[in-house]
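Coordinate analysis (summary)
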Amino acid sequence: MTVHFPFDNTYARLPDRFYARLAPTSVSAPKLIRLNRDLALQLRLDPERLSSSEGVELLCGNRVPDGAEPIAMAYAGHQFGNFVPQLGDGRAILLGEVVDQDGIRRDIQLKGSGPTPFSRRGDGRAALGPVLREYLISEAMAALGVPTTRALAAVLTGETVVRETLLPGAVLTRVASSHIRVGTFQFFAARQDVEGLRLLADYVIGRYYPEAAESDRPYRTLLDKVIAAQADLIARWLHIGFVHGVMNTDNMSIAGETIDYGPCAFMDTYDPATVFSSIDQHGRYAYGNQPRIGLWNLTRLAETLLPLLSEDQEKAVADANAALEAFSGRFEAAYHTGLRRKLGLLSEREEDLTLAGDLLKAMAENQADFTLTFRRLSDAAAGPEGDEVVRNLFINPLAYDAWATRWRERLSLEPQDGASRRAAMQAVNPAFIPRNHRVEAVIQAAVERGDFAPFEEFLTVLSRPYEDQPAFAHYSEPPEPNQRVYRTFCGT
Ligand code: AMP
Ligand code: MG
């Protein structure tokens, strides 16, 4: 019984300087933690075979599947604002690309699969905790409808990795429509390798933005498209309270997917200054700062494209600036549309943004839970009898009452009836997010007791975030004060 991957690799056709060719490093005693069967089918892979012992040998890197052309990709990046000319896949190996059921080309990558020429001082490995974290949160994001990389499988290696303590090692199989990052462009720009840049840009256009090839100015259109995709993505993050945590340019996907789940986390009580990552000491990547950082990163991308935009430096700069100027408008339009929908407003009125802003302000002042406030508003939309459970989330419930009166007046101008409004609101205001205290508890059970049942159950709950799931209602609850998680770690 052999596992067949329908590989059709294109990145490995690019010149040698784009990557290093190497196979994953073997591990001693692989054991499958979980295979994402639905995703396997979507990728035209056979879940039975993939979970067989031979399949697990492939998913841990002990064997390279037929047709794979394993490579570690080269990239650079700004980390917390400091430029590093060479980063690259230090602990990941791209096995190849498959074309999925919908005809979309997807990268299949092993993460934690051993050292590569880009490892610097790292061991090339991943600990179990961060692998489970990425699995849970990336799959939750997919179920929430946010563009993201996916998790196909998690495998224990049977080996330990040395972090602050000895921890069980694991390998994650990550699926992405792209592993090309802003930092990939920076890699060539830093070497003044204009030919490399052009090849990369043409590759990205061909694979992700074929419309750009039809335009008069393909590279400008490429830049416009990436800017739009990132503006939309960051708006989606804000709608669900997601804090990426390490928006370095090497962690920003050119295809507009959320990538690199390290210290990311969801906000409980609403506060735009929320930061979880232990290494983000100045709040550079705080929840409310994400749009600004997005633009900063895209500005770095635009800089790399200057030689392709025009031979005339001044023209190129003007062109790049014009493209970047569109970011704020695009982001705000996406963010505001989503906010309106969260409040049950389908029509547009000028005062809506003040109404939304005043709710957020009252939430911040009263430490209201972000996710629950909006979810319960969906019930309150049907009538004031639903108010009690929302107002209780505010330290001073009167702050909600004053706002709710204005909201109801505004709702009365909308054509829908209460029931359809409630349904529409529930479809955008999740009941279930991967709350940090739950994520940590699941990881702890797995790492300390080898118990993966909580991980499985949590994944099931997170796969239907917009449904009520009464049996699992406790998963929607915010942490008790003693359960609150204030810090998260990259764990690399
Ligand atoms: P990240 O913070 O995960 O985005 O990683 C930043 C850079 O560090 C990338 O080049 C990674 O490949 C590299 N890196 C992270 N962890 C390790 C590790 N354990 N071994 C080798 N390289 C690593
Ligand atoms: Mg990274």
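Higher on the page you've got the structure.
Rules used throughout
Counting restarts for each chain, with residues numbered from 1 along the sequence as it is written. As they are written, the chains are lettered A onward and the ligands numbered 1 onward, keeping that order. With the structure being a predicted model, the display of local features is reserved for residues of pLDDT at least 70 and the display and counting of side-chain atom pairs for 80 or more, all residues being used for whole-chain, interface and lining totals. Hydrogens and water are ignored here; the side-chain numbers use all heavy atoms of the structure. The criterion for a residue being near a molecule or strand is simple. One of its heavy atoms has to lie within 4 Å of it. In the analysis that follows, any N or O atom pair within 3.5 Å is treated as a polar contact, provided that within protein one partner can donate a hydrogen and the other can accept it, and provided that, for residues neighboring in sequence, both atoms belong to side chains. Note on areas: Shrake-Rupley, 1.4 Å probe, and residue coverage restricted to the protein chains presented here. Fitted lines through C-alpha atoms give the axes, limited to the stretch in contact for helices. The angle between two N-to-C directions lies from 0 to 180 degrees. What counts as a helix is a DSSP run of H or I of at least four residues, what counts as a strand is a run of E of at least two, and both are numbered from the N terminus. In what follows, roughly perpendicular refers to angles from 65 to 115 degrees, roughly parallel to angles under 35, roughly antiparallel to angles over 145, and oblique to any angle outside these ranges. Crossing handedness is defined as follows: a turn of the near helix away from the far one that is anticlockwise and smaller than a right angle gives a left-handed crossing, while the clockwise case is right-handed. Any pair of residues with heavy atoms lying within 4.5 Å of one another is described as a contacting pair. Gly counts as polar in this scheme, as do all residues outside two lists: the nonpolar Ala, Val, Leu, Ile, Met, Phe, Trp, Tyr, Cys and Pro, and the charged Asp, Glu, Lys and Arg. Each metal's donors comprise the N, O and S atoms found within 2.8 Å of it (within 3.2 Å for Na, K or Ca). Water is not part of the atom list, so some coordination spheres may appear incomplete. Residue burial is assigned from relative accessible area. The probe radius is 1.4 Å, only protein chains are included, and a residue is buried under 20% of its type maximum, exposed over 50%, and partly exposed in between. Geometry of aromatic contacts follows a simple scheme: Phe, Tyr and Trp rings, the Trp one being its six-membered ring, pair when their centres are within 6.5 Å, and the pair is stacked under 30 degrees between planes, edge-to-face over 60, tilted otherwise. We call a charge positioned over a ring when the NZ of a Lys or the CZ of an Arg lies within 6 Å of the ring centre and within 35 degrees of the ring normal.

1. Quick word on the site of ligand 1
In the region of ligand 1, 18 residues are neighbours, and Gly 88, Gly 90, Arg 120, Gly 124 and Asn 251 sit closest. Between a nitrogen atom of ligand 1 and a main-chain N or O atom of Gly 124, the distance comes to 2.8 Å. Contact with the protein chains hides 87% of the accessible area of ligand 1, taken as 490 Å² for the molecule alone.

2. Some remarks on the packing of helix α4 (residues 128-144) against helix α16 (residues 436-449)
α16 packs onto α4 with a crossing angle of 135° between their chain directions and a minimal axis gap of 10 Å. As far as their axial angle goes, α16 and α4 are oblique. Between α4 and α16 lies a crossing whose hand is right-handed. In this structure, α4 contributes Leu 128, Gly 129, Leu 132, Arg 133 and Leu 136 to the contact, and α16 contributes Asn 436, Val 439, Glu 440, Val 442, Ile 443, Ala 446 and Val 447. The class makeup of the residues in the contact of α4 with α16 is 8 nonpolar, 2 polar and 2 charged.

3. Regarding the coordination of the magnesium ion (ligand 2)
Every protein donor of the magnesium ion (ligand 2) is accounted for by Asn 251 (OD1) and Asp 260 (OD), and the metal-donor separations fall at 2.1 to 2.2 Å. Asn 251 gets classed as buried once you look at its relative accessible area, which sits at 12%.

4. Looking at the environment of Asn 82
Summarising the element assignment, Asn 82 is placed in strand β5 (residues 82-84). Overall, Asn 82 belongs to the exposed group, its relative accessible area being 53%. Distance from Asn 82 to Leu 306, taken between C-alpha atoms, is 20 Å for residues 224 residues apart in sequence.

5. Topic: the packing of aromatic side chains
In this description, an aromatic ring pair is defined by two values, namely the gap between the centres and the angle between the planes. Tallied over the full model, the rule gives 21 aromatic pairs. Judged by centre distance (5.4 Å) and plane angle (65°), the ring pair of Trp 237 and Phe 242 falls under edge-to-face. Each member of the pair, Trp 237 as well as Phe 242, is classed as buried. Put simply, the rings of Tyr 11, Phe 18, Phe 187, Phe 188 and Tyr 203 touch in pairs and so form one group of aromatic residues. One Lys or Arg, Arg 181, reaches over the ring of Tyr 75 and ends 4.3 Å from the middle of that ring. Over the aromatic face of Tyr 475 sits the side chain of Arg 438, whose NZ or CZ is 4.6 Å from the ring centroid.

Purely geometric numbers; function is a separate question.
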